[in-house]
Amino acid sequence: SDANDFFALPAFRPDEALLKLKRDLRDLRQLAERDGGRSFTLKGQAVLELAADGVQLNAKLAKRPAQRPEWDSWTCKSSADVRRLQDEIKKRLARWTTED
């Protein structure tokens, strides 16, 4: 076995990343899960849609909560991408909940 294999990161598994992200979002308690975890709302307003396709995790994050929000698209191809998405979700949640 090659010495570099020892230091290689594990392969990104979008389905597992999606499950972990949904679990972490549930822990925030501000978001309500809809459509079997494919979407999340804040006070009845759409804020997040998630999907995994076997290669990557795709997310649409609302610029602001609304019935028909304007979306920012995110493509996560690594655990680092998922962490950045999660940080952005937390940042926007904090902004949205203090704007009230």
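Our structure's up above, just so we're on the same page.
Our subject in this report is the structure included herewith. (Residues numbered from 1 in each chain as written. Predicted model: local features only at pLDDT ≥ 70, side-chain atom pairs only at ≥ 80, totals over all residues. Heavy atoms only, no water.)

**Here we look at the side chain of Arg 92**
- Turning to its location among the elements, Arg 92 is positioned in helix α3 (residues 79–99).
- Residue class for Arg 92 comes out buried when judged on its relative accessible area of 8%.
- Setting aside its immediate chain neighbours within four residues, Arg 92 contacts Leu 61, Ala 62, Lys 63 and Asp 72. (Helix = DSSP H or I, 4+ residues; strand = E, 2+ residues; numbered from the N terminus. Buried < 20%, exposed > 50% of the residue type's maximum accessible area, 1.4 Å probe, protein only. Contact = heavy atoms within 4.5 Å.)

**Looking at the pairing of strand β2 (residues 39–42)**
- Side chains Ser 39 and Thr 41 of β2 all project onto a buried face; the interleaved residues Phe 40 and Leu 42 project onto the opposite face, where all are buried too.
- For strand β1 (residues 32–34) and β2, the ladder comprises 3 bridges, and the chain directions are antiparallel. Bridging across to β2, Ala 32 finds its partner in Thr 41.
- Remark: 4 residues form the turn of the hairpin made by β1 and β2, two consecutive strands paired antiparallel; Asp 35 in that turn has positive phi of roughly 50°.
- Strand direction decides the pairing type here: β2 and strand β3 (residues 45–52), joined by 4 bridges, are antiparallel. (Pairing = 2+ DSSP bridges.)

**Points about the sheet that holds strand β4 (residues 57–66)**
- Taken together, the 5 strands give an open sheet; going across it, the order is β1-β2-β3-β4-β5, and neighbouring strands pair in antiparallel fashion. Of all strands in the sheet, those bounded by a partner on one side alone are β1 and β5 (71–76). The average undirected angle you get between the axes of adjacent strands in this sheet is 20°.
- Against the sheet, helix α2 (residues 14–28) engages β1, β2, β3 and β4, with an angle of about 155° to β3.
- Lying over the sheet, α3 contacts β2, β3, β4 and β5, oriented at roughly 10° with respect to β4. (Axes fitted to C-alpha atoms, helices over the stretch in contact; angles between N-to-C directions.)

**Here we look at α2**
- Here α2 spans 21 Å end to end across 15 residues, near enough to the 21 Å set by a 1.5 Å rise per residue.
- Listed in full, the buried residues belonging to α2 are Pro 14, Ala 17, Leu 18, Leu 21, Lys 22 and Leu 25. Buried residues of α2 fall within an arc of 135° about the axis and therefore sit on the same side. Residues of α2 that are exposed and point over 90 degrees away from its buried face: Leu 19 and Asp 27.
- For α2, the secondary structure elements touched by its buried residues are β1, β2, β3, β4 and α3. (Expected span 1.5 Å × (residues − 1). Arc of directions from axis to C-beta.)

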